[in-house]
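The lines below spell out each chain.
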Amino acid sequence: MGLFSRDKPKIKIQTTKKDGFSGWLKCTHCSELIHAQQLEQNQNCCPKCQYHYRLSADERIKSLSDPGTFVPLFTSLQPVDVLGFVDTEPYPERIKNAQKKSGNNEAIIVGTCQLNQVTIALGVMDFNFIGGSMGSVVGERFTRLIELALTQKIPVVVVCTSGGARMQESILSLMQMAKTAAALAKLSEEGIPYISVLTNPTTGGVTASFASLGNIIIAEPEALVCFTGPRVIEQTIGQKLPAGVQQSEFLLRHGMIDCIVHRHEMKQKVSEFIYFLQGNSPLEENDLMPKQNKKDSLINSKENKVPSRLQNSLVSH
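An account of the accompanying structure is given in this report. All of these numbers come straight from a predicted model, not from anything done at the bench. (Residues numbered from 1 in each chain as written. Predicted model: local features only at pLDDT ≥ 70, side-chain atom pairs only at ≥ 80, totals over all residues. Heavy atoms only, no water.)

Observations concerning helix α10 (residues 266-277)
Logical step 1: When the terminal C-alpha atoms of α10 are compared, their 16 Å separation across twelve residues agrees well with the 16 Å that a helix rising 1.5 Å per residue should span.
Logical step 2: A large share of α10 lies buried, amounting to nine of its twelve residues.
Logical step 3: When we look at burial in α10, the residues that qualify are Met 266, Lys 269, Val 270, Ser 271, Glu 272, Phe 273, Ile 274, Tyr 275 and Phe 276.
Logical step 4: Gly 279 sits one or two residues past α10 and shows a positive phi near 75 degrees. (Helix = DSSP H or I, 4+ residues; strand = E, 2+ residues; numbered from the N terminus. Expected span 1.5 Å × (residues − 1). Buried < 20%, exposed > 50% of the residue type's maximum accessible area, 1.4 Å probe, protein only.)

This is the structure we're talking about:
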């Protein structure tokens, strides 16, 4: 019975696949198959239904700033465990894991850059860092960015994505709501534009503070924007919420945001709003056009979709 006495079978059994990830994904929104390369080339938007997937902070900076112009600031500010907080793991360990996962040392990156040749102060939140939660360093970096904008008289653009205030810092994180709001009040007094861009998701204390204080509030399509998430609300009131009740389209209908802008158009629209708030004409306008005609042209343009609540202020200037 030599057949059964052999130590090694001649037929080799393959226990693992040689080929790894094929690159094909199923869109969670439309269920169509898309390739990862297509998704990357389309700024993480589904090429079939245009559903906006999350962007990293670095990808967001590249999409909004002119190439090679972004200069990060205040990177030396690091989070510390003042309260000695421990949940499922010590706070210092959670910070280290978040830094390794995201590649950033905090949940917001701030700096200056050129946006269509205009110098701006830019802040971008990173949801990969503890859910984009707002701690003391996030509030401090944001506040210093506002103070820099006050000194240099440059507009501020902040891209928000967050789960809210960081529970590991307790009351210290909640203090950042008042701190950032006070800084923005000074910015408003000086008439310096502040544009807030809300992405999926923007919730909690960030929504209740600087995310909702922009001169113009922009949101991406179908972004979840709220203070408390739908699951918590449903558990609290014991009722099912209507579909899309906390998405950007719902907020636009009820006047909580000014406009919804596709990611592909975001840089151009932000640029147009900055020129609008500064009383200038867009780059493509004829420089010889009289100032009043430029304003009228911007107001009447259907393409720009300037929020109606801002038109009166523009005319009055």
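Notes on helix α5 (residues 136-152)
Logical step 1: An ideal rise of 1.5 Å per residue puts 24 Å on 17 residues; α5 measures up with 24 Å between its terminal C-alpha atoms.
Logical step 2: Buried residues of α5: Val 137, Val 138, Gly 139, Arg 141, Phe 142, Thr 143, Leu 145, Ile 146, Leu 148, Ala 149 and Leu 150, and no others.
Logical step 3: Buried-residue contacts for α5 involve β3 (71-73), β4 (108-115), β5 (118-125), β6 (156-162), α6 (170-189) and β7 (194-202).
Logical step 4: Positioned one or two residues after α5, Lys 153 has a phi angle of 55 degrees, which is positive. (Contact = heavy atoms within 4.5 Å.)

Comments concerning the side chain of Glu 220
Logical step 1: With respect to the secondary-structure elements, Glu 220 resides in the loop between β8 (216-219) and α8 (230-237).
Logical step 2: For Glu 220, a relative accessible area of 2% translates into the label buried.
Logical step 3: Within the structure, Glu 220 has its side chain in polar contact with the side chain of Arg 60 (distance 2.6 Å).
Logical step 4: Residues in contact with Glu 220, not counting those within four places in the same chain, are His 52, Arg 60, Leu 198, Thr 199, Ser 248, Ile 260, Val 261, Arg 263 and Met 266. (Polar contact = N/O pair within 3.5 Å; in protein donor to acceptor, adjacent residues only side chain to side chain.)

A look at the side chain of Glu 169
Logical step 1: Residue position: Glu 169 is located in the loop between β6 and α6.
Logical step 2: Contact partners of Glu 169, with chain neighbours within four places excluded, come to Pro 79, Leu 83, Tyr 91, Gly 135 and Ser 136.

Points about the sheet that holds β6
Logical step 1: Overall, mixed pairing links the seven strands, which are arranged β3-β4-β5-β6-β7-β8-β9 in an open sheet. Each edge of the open sheet carries a strand with a single partner, namely β3 and β9 (259-260).
Logical step 2: In this sheet, β4 lies alongside β3 in antiparallel orientation, the contact comprising three bridges. Bridging from a neighbouring strand, Val 71 pairs with Thr 112 of β4.
Logical step 3: Its contacts with the sheet put helix α3 (residues 57-64) on β4, β5, β6 and β7, and the angle it makes with β5 is roughly 160 degrees.
Logical step 4: Of the strands in this sheet, β4, β5, β6, β7, β8 and β9 touch α10, which is tilted by about 150 degrees from β7. (Pairing = 2+ DSSP bridges. Axes fitted to C-alpha atoms, helices over the stretch in contact; angles between N-to-C directions.)

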